[in-house]
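Report on the structure
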Amino acid sequence: MVFVICISNNSNIMKENNSHKNVKLQKLQDHITDNEGEKLSTNQGLRINNNQDSLKSGERGPSLLEDFILREKITHFDHERIPERIVHARGSGAHGVFKLNQSLEKYTKAKFLTEVGKETPVFVRFSTVAGFRGSTDLARDVRGFAVKFYTEEGNYDLVANNMPVFFIQDAIKFPDLVHAVKPEPDNEIPQAASAHDTFWDFISLMPESMHMIMWLMSDRAIPRSYRMMEGFGVHSFKFINSEGDSHFVKFHFKPKLGVHSVAWDEATKISGKDPDFHRRDLWEAIENGAFPEWDFGVQLIPEENENDFDFDLLDPTKIVPEELVPVQIIGTLTLNKNPDNFFAETEQVAFHPGHLVPGIDFSNDPLLQGRLFSYTDTQLSRLGSPNFHEIPINRSINTVHNNQRDGHMRQQIVKGKVSYEPNSIGGGCPFQAMMKEGGFVSQAERVDGHKVRARSQSFVDHYSQAKLFYNSQSEPEKVHLQNALIFELSKVTIPAIRERLVGQLLFINKELASVVAKKVGVDVIKLKQPNGSIPADADPKTLQSKEREPSIPSSEALSMANTIKDTIKSRIIGFIMEQGVNGKEVNQLQSKLEKEGAVIQIVSGSLAPVNADDGTVFEPKHSLTSTASVCFDALYICGGKESAKNLLNPENKAGTLLFVNEAYKHCKAIYFGSDTDQIYIESNISLKQHEDSAIIHATEKNNDKLFIKAVANHRVWEFEQQRNNPA
Ligand code: HDD
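Residues numbered from 1 in each chain as written. Predicted model: local features only at pLDDT ≥ 70, side-chain atom pairs only at ≥ 80, totals over all residues.

1. Digging into the overall build of the protein chain
A count of helices and strands for the protein chain gives 22 helices and 18 strands. Against the compact-globule benchmark of 27 Å for 727 residues, the protein chain has a radius of gyration of 28 Å, which places it among compact chains. Based on the C-alpha atoms only, the size of the protein chain along its principal axes is roughly 90 × 85 × 60 Å. Counting across all 727 residues of the protein chain, residues that qualify as buried make up 43%. (Helix = DSSP H or I, 4+ residues; strand = E, 2+ residues; numbered from the N terminus. Rg over C-alpha atoms; globule rule 2.2 N^0.38 Å. Buried ≥ 20, exposed ≤ 12 C-beta atoms within 10 Å, placed from the backbone.)

This is the structure we're talking about:
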């Protein structure tokens, strides 16, 4: 019997095996309720006999105050919402494990980073930043990538983003930044969008944000999937080893599926067709056993080399180029279990960059320093009590022993009379831990200086790394970035803001500034004149950055064009078919694609089963009207004369051609099966197959292989201009 289950549901077995090993999941078991086979009860455990009618004075009379069952149910309902996160409100989470492959013992004493082979349970939450809880996943935005490591030395949180830099250099500007990007306060418009006056007003006055703006306007801000994003700790943190030596460290997550994005036009359409696109994608991949994986890496810089760079390691608007300090891959992060309950786990999880373990410490990055206050503070208003650490998802796998007590919703029952230290009545317990017993000791960093409200001169270079990013992009990426700026600035109603921003772009790249200026009605020539709004040469003493060249001309790691493109694992391929489809061809291609890990979804004129020419019956998951090509990575227009004819009948023709034309526009791979020439001819496809490697015909040699290669390649961005502007 067990053997049969193994064969029929491999992914479940994998999940079960993981749960057995994962200490955090085992601990969560104590809190999980399964209603299967159970009777309805009140919160006091009393069985309910009638859940349909309230208690009344006569069948048609008023309800009675004494109806405690009604009162309990309505009261709980009235209070079931909590404040959403002030930023990162929209998100999705999953459980998983971090496995260490290479010891960092030389650099840190953190046990989860020193014992090779060690598996540490994690919970990860991905998010957008600006939108409310119910907003679309596909907004142009930074993505949060927050990881809670449940280590045996306590919880370690790496509260990261999918971009390695930040908008501002000092936390004191964070409320201003967030107020500027959130919907405008008078009319609460727009939702989950930075394309509005207040955001660009603020940005155009904050030159330090220019590097981040390059990232935000790039395709990194519209990922194909949470599973295809990088994660960055942003700040320099510190590693401390057992000798007390310290290194600066930057953290990186690199997705094994590569870093991929969608087209902006596609993003806006997905927002309508499936606003839960990323949430669904993560959930379904894990349910299907296609567990998302990332390489976890570090850039290490000995403390004595702190001043070796032409930027300040404490400045969160700077990266350390991988050409200067390579990323060492040390382990693998795998997400392998969906939460059982969204609210209890994903909504209530509480991250904090100040949740540390011995061997990791902060740097003096002023953005990080401010974050250390903000996160606990926000949990107090969001989760309502200083006991939020007792919510099951937030609990350490270690038992907590301290003298903190009481407060709303206290769960732990601490025995004895003593809640102070030192004490003799409790035998002195709980004792302080010595360093060798895992007691946390902050790095004994020497700090001296005047108390000043000031910014370091070493932070005054706002353009060189923005240039580095722009220079490192492929041509299609540059065009996307230009178009994003044009889109965003076109929504800005105040000409002076558009002008100021174009003025900033001039310091980054003249061509970029001119292309954008032209489309948003700004006269670049006038801007640069002596009385224009751009100073000819700024003075760094006033904290105005000069235009400066980057120390290296470009960096490969910054362009998605250089990402992994060798797998079609978990890619969703739409099989477009109608009655009379060529069963053999479909089955053959399906099994080849599935062998490579792709997911096949059948789309037909309706949800009625499709009868193939060889008697096979296919069950469509979607109809041509219930979905759209934007929800797929690639299309196969299934072979078969009869099916092709039916796809072009008056009922289906518009839907079929829209599918093909949109996939073409968005640079996707499209495979035309046998006898589907008429669909190809009637579509907008303008490039010949030999010119465009992602349009494949059944008559070609090695067609299946070519299709698999084209899907793995993600998109043919290099043909985007031609695909969208046929000669
Ligand atoms: Fe933050 C949430 C990441 C700067 C204040 N932040 C939050 C989340 C992520 C980040 C991923 C969502 C966590 C979750 O899923 O629950 N934040 C960053 C990064 C930053 C950053 C990478 C810069 C490098 N944040 C930042 C600053 C402040 C905050 C400078 C305030 C001074 N962040 C918060 C917060 C949030 C938050 C208000 C909202 C909800 C929460 O903390 O739990 O405290």
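So, next bit.
2. Some details on helix α6 (residues 197-204)
Along α6, the residues that are buried comprise Phe 199, Trp 200, Phe 202, Ile 203 and Ser 204. Residues of α6 that are buried make contact with α5 (174-181), α7 (210-216), α13 (475-490) and α14 (495-506). (Contact = placed C-beta atoms within 7 Å.)

3. Points about the environment of Arg 279
Structurally, Arg 279 is set in helix α9 (residues 277-287). Note on Arg 279: 19 C-beta atoms within 10 Å, which makes it partly exposed. Counting along the chain gives 288 residues from Arg 279 to Thr 567, while the straight-line C-alpha distance between them is 22 Å.

4. Describing the pairing of strand β1 (residues 91-100)
Within β1, nine of the 10 residues are buried, which leaves the element mostly enclosed by the surrounding structure. Inspection of the sheet shows β1 paired to strand β2 (residues 119-128) by nine bridges, in the antiparallel sense. Residue pairing for β2: Ser 92 is matched across the bridge by Phe 126. Two strands pair when backbone bridges link them, and β1 and strand β9 (residues 328-337) are joined in this way by six bridges, in the antiparallel orientation. If you follow Gly 96 over to β9, its bridge partner there is Leu 335. (Pairing = 2+ DSSP bridges.)

5. What about the domain arrangement of the protein chain?
Once the domains are mapped, the protein chain shows domain 1 (91-394), domain 2 (463-561) and domain 3 (565-724). For domain 1 versus domain 3, the distance between C-alpha centres works out to 36 Å. Each side of the interface is counted separately: domain 1 has 13 residues, and domain 3 has 13 residues. The element contributing the most residues to the side of domain 1 that touches domain 3 is helix α8 (residues 264-273), with five residues. Considered class by class, the residues forming the side of domain 1 that touches domain 3 number five nonpolar, three polar and five charged. (Domains from an automatic or database assignment. Nonpolar A, V, L, I, M, F, W, Y, C, P; charged D, E, K, R; others polar.)

6. Structural notes on the site of the ligand
In the neighbourhood of the ligand, 27 residues make up the surrounding shell, with Arg 85, His 88, Gly 144, Val 234 and Ser 374 lying closest. Elements with a contribution of two residues or more to the shell around the ligand: β2, β3 (143-151), β4 (154-161) and α11 (366-383). Taken together, the residues that form the shell around the ligand break down as 15 nonpolar, nine polar and three charged. (Near = placed C-beta within 6 Å.)

7. Re the UniProt feature "domain: Catalase core" (unreviewed entry) in the protein chain
As recorded in UniProt, the feature "domain: Catalase core" (unreviewed entry) lies at residues 41-429. Each end of residues 41-429 is marked by a C-alpha atom, and these two atoms are 41 Å apart; helix forms 20% of the span and strand 19%. (UniProt positions renumbered as here; feature names shortened; annotations may be inferred.)

8. Some details on α9
Three or more residues of α9 are buried, namely Phe 277, His 278, Asp 281, Leu 282, Ala 285 and Ile 286. The buried residues of α9 occupy one face: seen down the axis, they fall within an arc of 155°. Against β1, α8 and β9 lie the buried residues of α9. Of the residues trailing α9, Gly 289 is marked for its positive phi of about 80°. (Arc of directions from axis to C-beta.)

9. A short note on the sheet that holds strand β11 (residues 572-576)
In any sheet, the strands associate via hydrogen bonds between backbone groups, in a parallel or an antiparallel arrangement. Taken in spatial order, the six strands line up as β15-β12-β11-β16-β17-β18 in an open sheet, and their pairing is parallel. In this open sheet, the two edge strands, each paired with only one partner strand, are β15 (622-623) and β18 (695-697). Judged from the three bridges that link them, strand β17 (residues 669-672) and β18 form a sheet pairing that is parallel. Paired with Phe 672 across the two strands is His 697, which belongs to β18. Here helix α17 (residues 583-595) sits on the sheet in contact with β11, β12 (599-604) and β16 (634-637), set at roughly 145° to β12. This element, helix α21 (residues 703-712), spans β11, β16, β17 and β18 of the sheet and lies at about 165° to β18. (Axes fitted to C-alpha atoms, helices over the stretch in contact; angles between N-to-C directions.)

10. Overview of the packing of α14 against helix α15 (residues 510-519)
It is the contact of α14 with α15, at a shortest axis distance of 7 Å, that shows an interaxial angle of 155°. It follows from the interaxial angle that α14 and α15 lie roughly antiparallel. For the pair α14 and α15, contact is made by Val 502, Leu 505 and Leu 506 and by Lys 510, Leu 512, Ala 513, Val 516 and Ala 517, respectively. Here the contact of α14 with α15 is built from residues that sort into seven nonpolar, no polar and one charged. (Parallel < 35°, antiparallel > 145°, perpendicular 65-115°, else oblique.)

11. Some remarks on the nonpolar core
Side chains of a nonpolar character, in soluble globular proteins, are inclined to be buried together. Counting 167 residues, the largest nonpolar core has Val 516, Ile 576, Leu 635, Ile 637, Ile 670 and Val 711 as its most contacted members. If we ignore the near neighbours within four places in the chain, the residues touching Ile 670 are Ala 634, Leu 635, Ile 637, Val 660, Ala 663, Tyr 664, Ala 694 and Ile 695. (Core = buried A, V, L, I, M, F, W, Y, C linked by C-beta atoms within 7 Å.)

12. What to know about unusual backbone geometry
Comment: phi is negative for the bulk of residues other than glycine, and the bulk of peptide bonds are trans. Put simply, Glu 421 and Pro 422 share a cis peptide bond, and its omega is 10°. Within the secondary structure, Pro 422 sits in the loop between α11 and α12 (464-472). Cis geometry marks the peptide bond from Cys 429 to Pro 430, where omega comes out at -10°. Here Pro 430 is to be found in the loop between α11 and α12. Here the phi dihedral of Ser 570 falls at roughly 65°; this positive angle occurs in a residue that is not glycine. With respect to the element layout, Ser 570 can be found in the loop between α16 (524-528) and β11. What makes Ser 570 buried here is the crowd of 21 C-beta atoms within 10 Å. Although it is not a glycine, His 714 adopts a positive phi angle of roughly 75°. Relative to the helices and strands, His 714 resides in the loop between α21 and α22 (720-724).

13. Some thoughts on the pairing of strand β8 (residues 293-302)
Pairing of strand β7 (residues 246-255) with β8 involves nine bridges; the strand directions are antiparallel. Residue pairing in the sheet places Lys 254 in a bridge with Asp 295 of β8. Bridge count for β8 against β9 is six bridges, and the pairing is antiparallel. By the bridge assignment for β9, Phe 296 is matched with Gly 331.

14. Here's the deal with the environment of Pro 316
As for its position among the elements, Pro 316 is in the loop between β8 and β9. Through-space distance from the C-alpha of Pro 316 to that of Val 165 is 5.6 Å; in sequence the pair is 151 residues apart. In this view, Pro 316 contacts Val 165, Phe 166, Gln 169, Val 234, His 235, Asp 365 and Leu 367; residues no more than four positions away in its chain are not counted.

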